Amino acid sequence: MPSVAMRPYLAIARISWRSALAYRIPFVLSLCMMVFNLLAMLSLWRVLLASGHPLAGFTWPEMRAYLLVSFVTGCLVSSFTDFTMAFRIQSGLVALDLTQPVHYQRARFAQCLGMTVLESATAAVVCGAALAAFGAIPVPALPQLALFLVSLVAVVPLKFLIVYSSGLLCFWTHNYLGVSFARAAVSAVLSGALVPLVFFPGWLRILAEVLPFQGIASTPALIYLGQASGWDAVRLIGIQLLWIAVLWAGASAAWNAALRRLTIHGG
Amino acid sequence: MYRRSLGAHVRASLEYEADFWILVFGVGLSQCVGLVFIGAVFAKVPHINGWGLWEVVLMYSMMTIGQGCSELFAEGSWDLPMLVNRGELDRMLVRPYPVILQVCSFRLGMNAFGTLAVGTVLLVTALARLHVHWTPARAAIALLVFASALVVKVSLTVIANASAFWLRGTISTFAAGADQLGDLTRYPLTIYGVGLRAFLSTAVPFAFVGFFPAAWVLGHGQSAWVGLLTPLAAAYCVTVAVLAFRFGLRRYDSAGN
Amino acid sequence: MDEPLIRARALTKTFRRPDKGPGLAGSARHLITRKYTEHHAIDGIDLDVAAGEAVAYVGRNGAGKSTTVKLLTGILVPSSGEVRVAGVVPHQDRIANARNIGVVFGQRTQLWWDLPVRETFTLLRDMYRIPPERYRATLARLTEVLDLGPLLPVTGRKLSLGQRMRADLAAALLHEPPIVYLDEPTIGLDIEVKDRVREFLRDLVANGTTVLLTTHDLGDIEDVCRRIVIVDGGRIIHDGPLAAVRDELARERSMHVQPAVPVDLAAIRAALPGTEVSGEPGEFSIRFDRFAYSAGQVAAAVMGLAEIRDFRIDEPGIEDVVRRVYEGGLVESPTGAPA
Ligand SMILES: Nc1ncnc2c1ncn2[C@@H]1O[C@H](COP(=O)(O)OP(=O)(O)OP(=O)(O)O)[C@@H](O)[C@H]1O
Ligand SMILES: [Mg+2]
């Protein structure tokens, strides 16, 4: 029965949600602070698009929508997951995780899902405030909205896997901070979270197309705006799912390799 | 003593040379992200609210260097929540040295080297492109203003982290968020509404790290003279940081054993 | 007029603990109601320590020993009352106070985690502004008595508990402070290291250093201290010469006996009047006054009634001392503040 197998993971998800709540003040404030970045971007684009001329095909309301969607995807899967993981690996506490009768990767995913509940709630509140302050955004028609929701849900496992894979690098380097900085930088640029990918020169855009990062911001945002619709949207979602499968398998393999290393070298 | 403590950390960190380069690389990369953004935007528009590409890069570079200084001189303050929460501050309290300095030098942000490298390159490039009319007096004042700007940034980091005395968590998410607030001032302050502008130039004067000093050096805009107030802002921030520690330590509870 | 080196008057420290119910609901409720329980960790302590005195500060777990040390060192700000240490109010003039004192918290290292011990020492040298000559001489002496030679190049986190403790002691004493606070300096150490530490402390006291020593191990204080202060529930319940306590304690012994076959405890009570017999017929303890019976007499009396499979004699611990104080077994000293 699946529910029995799921039970430990549900417990993990619940605990991670709880621990975030225990530190509710820093948590809520930090998410509030992410808002400042959104605020800077909104203010900047409002000035740039004030004349009414679209830039690279974006009008002010569209850019608003783009920024909000990429803000929401940015809120999901915060770096709690990888930093706690990195801490446990480097301090050797991971040995305790290994004694738990759960699949490590699934357990981390469950942990991340627990946080996601809180993160999405917060993101929703912030979006409401932003809409009130900067004006409404166009809402797509129903079929397009459905496609958007699918791609938004796909962001969670995809982003988790990217974060998780980089966290696994802790087994090979002592300095996770550098890795996480690099990952955050690369994914900010190549996911389109920073600025829509059409603003980039051709070579950079091609690079973004072949890498998994676009799936964590650009894909849902473009689908929301209808800039990718019909089969185009389905194709983008397909790419998201493909990457989820590839990264899940790849991360499992990497975890096994790390485990061998851990048991051979004694951490 | 402060220097020696930091120096010892550099030596300790250099033991893992490969890791050091990973960090420098990662940090350099993350500092370039904003630059990619600025580049992408300026590829489509000639100026933002009247500020040209290199003018924005100048502000951006000041924020970057300020950040680097925080990492170099105040990285340990990020550990304050942990130190407070676990009662590790005890050992600093029994030593005859200001706790605020002991905390700041508790750890060295090796990322500082990456950040400072990127920031310096940007600053030099921007100044070279901007044709500022330099006189000895102007250069001297600019030096003072820039140095004060860096003090503002470092103090703000310390103040943000001093919140740990009141918040009592084990991680500095609040401080990290407050630090992100500074990212607002990587872009010209004029893009924001009046309220936010006032907030960023008085209560939490991040605008004195990049925007006002840059505006003064460039002689750009009506409020360019405000840049001359940067030393005052620095004095204000240092005072608040010291007071925050003084009052915070009164609340310090140590830990059960 | 001679002010004592350490002087505390009506010292109290109250901690506020968030009063949270269990689980999520509890957390949420706390967010709204913000209830706290006040906990008086230190509840009106008067303490005078003269220069050169060595005081044992003992009590049960949670009695308030560490909290007292933290108040005397300026780590914590008292909720009320006064403290002066060498004329300085520790929490107000922390830096001046820090120069006068050396502190060792046995449960927590003061070494820099990622630096070699030697680097830690040089850092401390600069922090305390110890003149190079003095530093060299003191370090040489400490290195010898504490056998630090092999530890100097080792990074703090790589030290074993005993090694760490020795390095910590040296770190606390490099600047030759006139006052030294030791909070459980022998916790978790093996007999050999313990002996070395005790010997070291004895020398320290002999050289005129004022020492306040907190411990659960009565062995620590026997050699080092001449005065014992007993705390319980944040109050001083006894304060007087160690010799008196020792004599009193030396009276009482416990013998734990496992007879081969169960015996009638009443018979043993009858055979050994004036003792206290507790336990089961299959395993029991006899508490006796050493001046009334010798251990041999007790054992003989039991053997007369049953064959003994195993037995063991316990010396009293801190808990017994505290119990005796409450039973009024100890003579109150004039300064003692009875609870
Ligand atoms: N930081 C703190 N916050 C809240 N309560 C505390 C704190 N420190 C100590 N206490 C409480 O104060 C009381 C006294 O603690 P203290 O550490 O002084 O005991 P102790 O005598 O040193 O005990 P032990 O022998 O176990 O070390 C305990 O009940 C403890 O729970
Ligand atoms: Mg204690």
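This one's a predicted model, so the numbers in the text were calculated from it and none came from an experiment.

Undergrad: Describe the interface of chain A and chain B, naming the residues involved and giving the relevant values.
TA: Facing 37 residues of chain A, the contacting portion of chain B comprises 35 residues. Carbon and sulfur atoms make up 81% of the surface buried where chain A meets chain B, a total of about 3,200 Å² over both sides. Taken together, the links from chain A to chain B amount to zero salt bridges. At the junction of chain A and chain B, the tally comes to zero residue pairs in polar contact (both at pLDDT 80 or more). When residues of the side of chain A that touches chain B are traced back to their parent elements, those giving at least two are helix 2 (24-48) and helix 8 (176-190) of chain A. At 16 residues, the largest contribution of residues to the side of chain A that touches chain B is made by helix 2 of chain A. The class makeup of the residues in the side of chain A that touches chain B is 31 nonpolar, six polar and no charged.

Undergrad: Pulling in residues and values, what's your account of the sheet that holds strand 9 (residues 235-241) of chain C?
TA: Residue and element names in this part refer to chain C. Read across the sheet, six strands follow the order 5-6-7-3-8-9 without closing on themselves; strand pairing throughout is mixed. Every interior strand has two partners, whereas the edge strands, strand 5 (101-105) and strand 9, have only one. Between one strand and the next, the sheet's axes are offset by a mean angle of 15°, whatever the strand orientation. Bridge count for strand 6 (residues 179-183) against strand 7 (residues 210-214) is five bridges, and the pairing is parallel. Residue Val180 lies in a different strand from strand 7, and its bridge partner there is Val211. Across the sheet, helix 7 (residues 191-206) touches strand 3 (54-59), strand 6 and strand 7, and the angle it forms with strand 7 is around 145°.

Undergrad: Residue-level account of the sheet that holds strand 11 (residues 276-280) of chain C, with values.
TA: All names here are of chain C. Taken in spatial order, the four strands of this open sheet run 11-12-10-13, and their pairing is antiparallel. The open sheet terminates on both sides in strands that have one partner only, identified here as strand 11 and strand 13 (308-314). Strand-to-strand, the axes of this sheet are offset by a mean angle of 20°, without reference to chain direction. Alignment of strand 10 (residues 252-259) against strand 12 (residues 283-289), held across six bridges, turns out to be antiparallel. Bridge pairing in strand 12 places Glu252 opposite Asp289. The sheet strands contacting helix 11 (residues 295-305) are strand 10, strand 12 and strand 13, and the helix crosses strand 12 at an angle near 140°.

Undergrad: Requested: an account of the site of ligand 1, with residues and values cited.
TA: Taken together, 18 residues sit near ligand 1, with Asp253 of chain B together with Lys65, Ser66, Thr67 and His216 of chain C positioned nearest. Contact distances for ligand 1 include 3.3 Å between a nitrogen atom and a backbone N or O atom of Ser254 of chain B. Measuring from an oxygen atom of ligand 1, one finds a side-chain N or O atom of Ser66 of chain C at 2.6 Å. For the shell around ligand 1, the secondary structure elements donating two or more residues are strand 1 (6-18), strand 2 (36-49) and helix 2 (65-73) of chain C. Looking at the shell around ligand 1, the element that brings in the most residues is helix 2 of chain C, giving three residues. Among the residues forming the shell around ligand 1, the class breakdown is four nonpolar, nine polar and five charged.

Undergrad: Go over the interface of chain C and chain B with me, naming the residues and quoting the values.
TA: The interface of chain C with chain B comprises 30 residues on the first partner and 28 residues on the second. Between chain C and chain B, a total of about 2,700 Å² is buried, with carbon and sulfur atoms accounting for 53% of that surface. It is Arg94, Arg108 and Met127 of chain C that lose the most area in chain C upon contact with chain B, and together they represent 24% of the buried surface on that side. One can count two salt bridges joining chain C with chain B. Across the salt bridge formed by Asp90 of chain B and Lys70 of chain C, the nearest N and O atoms sit 4.0 Å from each other. Counting across the chain C and chain B interface gives ten residue pairs in polar contact (both at pLDDT 80 or more). The set of elements that each furnish at least two residues to the side of chain C that touches chain B consists of strand 1, helix 2, helix 3 (94-100), strand 5 and helix 4 (117-127) of chain C. Residue contributions to the side of chain C that touches chain B peak at seven residues, all from helix 4 of chain C. Considered class by class, the residues forming the side of chain C that touches chain B number 15 nonpolar, six polar and nine charged.

Undergrad: So what about the side chain of Thr67 of chain C? Which residues, and what values?
TA: With respect to the helices and strands, the residue Thr67 of chain C is situated in helix 2. Here Thr67 of chain C is in contact with Lys13, Phe15, Ala41, Ile42 and Leu76 of chain C, once residues within four sequence places are set aside.

Undergrad: Pulling in residues and values, what's your account of the pattern of salt bridges?
TA: Opposite charge on two side chains lets them pair, provided their charged atoms get close. Residue and element names in this part refer to chain C. Within the structure shown, the criterion is met by 17 salt bridges over all chains. Close ionic contact of Arg235 with Asp43 constitutes a salt bridge, the shortest N to O distance being 3.0 Å. On the criterion of sequence distance, the pair formed by Arg235 in strand 9 and Asp43 in strand 2 is long-range, its members being 192 residues apart. Under the relative-accessibility criterion, Arg235 is labelled partly exposed at 36%.

Undergrad: Give me a nonpolar patch on the surface: which residues, what numbers.
TA: All names here are of chain B. Taken together, the side chains of Ile141, Trp225, Leu228, Leu229 and Leu232 define a hydrophobic patch exposed on the protein surface, amounting to about 490 Å² of accessible area. On the secondary structure map, Ile141 appears in helix 8 (residues 136-162). Taking the relative accessible area as the measure of exposure, Ile141 reaches 34% and is therefore partly exposed.

Undergrad: I'd like a rundown of the packing of helix 7 (residues 142-168) of chain A against helix 10 (residues 218-225) of chain A, residues and numbers included.
TA: Residue and element names in this part refer to chain A. Two numbers describe how helix 7 lies on helix 10: the axes approach to 9 Å, and their chain directions differ by 170°. Between helix 7 and helix 10, the angle is such that the two are roughly antiparallel. Of the residues in helix 10, those in contact with Gln144, Leu145, Leu147, Phe148, Ser151, Leu152 and Val155 of helix 7 are Thr219, Pro220, Ile223 and Tyr224. Within the contact of helix 7 with helix 10, the residues separate by chemical class into eight nonpolar, three polar and no charged.

Undergrad: Give me the lowdown on the confidence of the model for chain B, citing residues and values where you can.
TA: Residues and elements named next belong to chain B. With 91% of its residues at a pLDDT of 70 or more, chain B shows a mean pLDDT of 86. Confidence, read as mean pLDDT per element, is least for helix 1 (residues 2-14) in chain B (64) and greatest for helix 13 (residues 230-251) (94). This complex was scored by the predictor with a pTM of 0.76 and an ipTM of 0.81.

Undergrad: Please provide a residue-by-residue account of the side chain of Arg95 of chain B, values included.
TA: Residue placement: Arg95 of chain B occurs in the loop between helix 5 (90-93) and helix 6 (99-104). Although Arg95 of chain B is buried, it makes no salt bridge; Asp168 of chain C carries the closest opposite charge, 6.2 Å away. A distance of 3.1 Å separates the side chain of Arg95 of chain B from the backbone oxygen of Gln110 of chain C, its partner in a polar contact. Not counting the four nearest positions on each side in its chain, Arg95 of chain B is found in contact with Gln102 of chain B together with Arg94, Ala98, Gln110, Trp112, Leu124, Met127 and Tyr128 of chain C.

Reading the values: the criteria
- Residues numbered from 1 in each chain as written.
- Chains lettered and ligands numbered in written order.
- Predicted model: local features only at pLDDT ≥ 70, side-chain atom pairs only at ≥ 80, totals over all residues.
- Heavy atoms only, no water.
- Contact = heavy atoms within 4.5 Å.
- Buried area = accessible area lost by both parts, 1.4 Å probe.
- Salt bridge = Lys/Arg side-chain N within 4 Å of Asp/Glu carboxyl O.
- Polar contact = N/O pair within 3.5 Å; in protein donor to acceptor, adjacent residues only side chain to side chain.
- Helix = DSSP H or I, 4+ residues; strand = E, 2+ residues; numbered from the N terminus.
- Nonpolar A, V, L, I, M, F, W, Y, C, P; charged D, E, K, R; others polar.
- Pairing = 2+ DSSP bridges.
- Axes fitted to C-alpha atoms, helices over the stretch in contact; angles between N-to-C directions.
- Near = heavy atom within 4 Å.
- Buried < 20%, exposed > 50% of the residue type's maximum accessible area, 1.4 Å probe, protein only.
- Patch = residues over 30% accessible without salt bridge, like charges linked within 9 Å, V, L, I, M, F, W, Y side chains within 5 Å.
- Areas by Shrake-Rupley, 256 points an atom, 1.4 Å probe, with all protein chains shown as cover.
- Parallel < 35°, antiparallel > 145°, perpendicular 65-115°, else oblique.
- pLDDT = per-residue confidence, 0-100.
- Lys, Arg positive; Asp, Glu negative; His and termini not counted.

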